[in-house]
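# An overview of the molecular structure
Here is how the chains run, residue by residue.
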Amino acid sequence: MPVFKIQHITKYKYDRPVRESANQIKIFSFNKPGQEILSHEVVITDEPSINKFTDYWSNTVGFFTVSKPHEELIIDSRLIAKTTLQQIDETLSTKKDWEILQQETNSNMILLDLAQKENLKSPEKIQLILDHIYNEAYSPLETTKKCSQFIFENFKYVKGITNVETKVDEILEFRSGVCQDFAHVLLQLLRTVGIPSRYVSGYICPNKNGMRGEGATHAWIDAYIPNLGWIGIDPTNNCFANEHHIQLAVGRDFSDCTPVKGTFKGPANHDLMVYVSVGYEDGTTFEDENEVLMNKEETDQAPVIHIQSQQQQ
């Protein structure tokens, strides 16, 4: 049962004072088996009160406002989590479960929402992948694993060629990207064959084998499998989500899981820096720091939306 210490700092710097910064944060642990939070402290500039609620997807969401004029906003999250590997009995998923899956999806609004595929410009590219993968003998779980394996083997892990606004059509053309991109492609594949699936944001913690994206914010997916429930699978590393994955939020896509977003008043441009440190119980620490490119536009006194748009690696 490993214990991880995770520090996640989001830092905005403004080129002139802003005021009435109202923000939403989704940096709280998702309630799930195998993930126990030992402590969690969130420190924010000017120490505002954080009002929490549970959203449609069962995420814990926080809201806060910094009313005073300020030229810097820092959100410092410090989390200590203990995890336990959850064993998956793959024999519980059979090819007969497709009919059960359709029945359960049709009778559950959330599953129905999560089974709706995105409208693509080139849906035939998704279908070509599925034609390559499909086997009528596969169960829903086997199909999920085959889709993940295809992405892992045929898409290159390359940072810097995509961003948070990159569409699935572009990712299919590049055949390259990072975890966020691979998660979005896997969602489209699974939803096309009728498997409800949701985007997952969180962290991937270091282990002795090494994994893509470790020590940083990370993304994978949950697939809904009859008799098993939500099963996490990470196409970036072609594995089930395990004791090294710390889950924060879920939703239809990245936009439902954005760690920080909000508005402020003032004619200011801003820069965004995101720092993540993941400490393993043996003392090993992995660090990731990104300066996020923002659009530089002079603004009026109207509220300006600023979104924590660090791409999940």
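Preceding this section is the structure that the text describes.
Residues numbered from 1 in each chain as written. Predicted model: local features only at pLDDT ≥ 70, side-chain atom pairs only at ≥ 80, totals over all residues. Heavy atoms only, no water.

### What about unusual backbone geometry?
Despite not being glycine, Glu20 shows a phi value in the positive range, around 50°. One can find Glu20 in strand β1 (residues 3-25). We note that Asn227 has phi near 75°; this positive angle belongs to a residue other than glycine. With respect to the helices and strands, the residue Asn227 is situated in the loop between β9 (216-225) and β10 (229-234). Residue classification places Asn227 among the exposed residues on the basis of a relative accessible area of 55%. (Helix = DSSP H or I, 4+ residues; strand = E, 2+ residues; numbered from the N terminus. Buried < 20%, exposed > 50% of the residue type's maximum accessible area, 1.4 Å probe, protein only.)

### Some words on the pattern of salt bridges
Considering all chains together, one arrives at 10 salt bridges under this definition. Note that Asp46 and Lys68 form a salt bridge whose closest N and O atoms lie 3.9 Å from each other. Note that Asp46 is positioned in the loop between β2 (35-44) and β3 (51-54) and Lys68 in the loop between β4 (60-66) and β5 (70-83), a separation of 22 residues in sequence. Ionic contacts of the salt-bridge type, sharing partners, join the residues Arg19, Glu20 and Lys265 into one network. (Salt bridge = Lys/Arg side-chain N within 4 Å of Asp/Glu carboxyl O.)

### Observations concerning the side chain of Thr162
Position of Thr162 among the secondary structure elements: in the loop between β6 (156-157) and α5 (168-174). The class for Thr162 is buried, based on a relative accessible area of 6%. Only 2.6 Å separates the side chain of Thr162 from the side chain of Asp181, close enough to count as a polar contact. (Polar contact = N/O pair within 3.5 Å; in protein donor to acceptor, adjacent residues only side chain to side chain.)

### Considering the packing of aromatic side chains
Counted by the stated rule, this structure contains 7 aromatic pairs. With centroids separated by 4.7 Å and ring planes inclined at 75°, the aromatic side chains of Tyr56 and Trp57 adopt a geometry described as edge-to-face. Exposure remark for Tyr56: the relative accessible area of 42% places this residue in the partly exposed category. Judged by its relative accessible area of 13%, Trp57 is buried. Geometrically, the ring pair formed by Tyr199 and Phe254 is edge-to-face, given 6.2 Å between the ring centres and 75° between the ring planes. Of this pair, Tyr199 sits in strand β8 (residues 197-204) while Phe254 sits in the loop between β12 (245-251) and β13 (260-265); the two residues are 55 residues apart in sequence, bridging distant segments of the chain. Accessibility expressed as a relative area gives 7% for Phe254, which makes it buried. The rings of Tyr12, Tyr14 and Phe264 are connected pair by pair, giving a single aromatic cluster. Over the face of the ring belonging to Trp230 we find Arg198, whose NZ or CZ atom lies 4.1 Å from the ring centre. (Phe/Tyr/Trp six-rings, centres within 6.5 Å; stacked < 30°, edge-to-face > 60°. Lys NZ or Arg CZ within 6 Å of the ring centre and 35° of its normal.)

### Observations concerning the side chain of Ser176
Structurally, Ser176 can be placed in strand β7 (residues 176-177). Other than its neighbours up to four places away in sequence, Ser176 contacts Phe155, Lys156, Val158, Ile161, Thr162, Ile171 and Phe182. (Contact = heavy atoms within 4.5 Å.)

### A word on the nonpolar core
Residues Phe155, Leu172, Val185, Leu189 and Ile221 are the most contacted members of the largest nonpolar core, which totals 36 residues. Every element with two or more residues in this core is listed here: α3 (123-133), α4 (140-154), α5, α6 (179-192), β9 and β10. The element contributing the most residues to this core is α6, with 8 residues. Other than its neighbours up to four places away in sequence, Leu172 contacts Leu120, Lys125, Ile126, Ile129, Phe155 and Val185. Core analysis: the second largest hydrophobic core is formed by 27 residues, Tyr12, Val18, Ala81 and Tyr280 among them. (Core = buried A, V, L, I, M, F, W, Y, C linked by side-chain atoms within 4.5 Å.)

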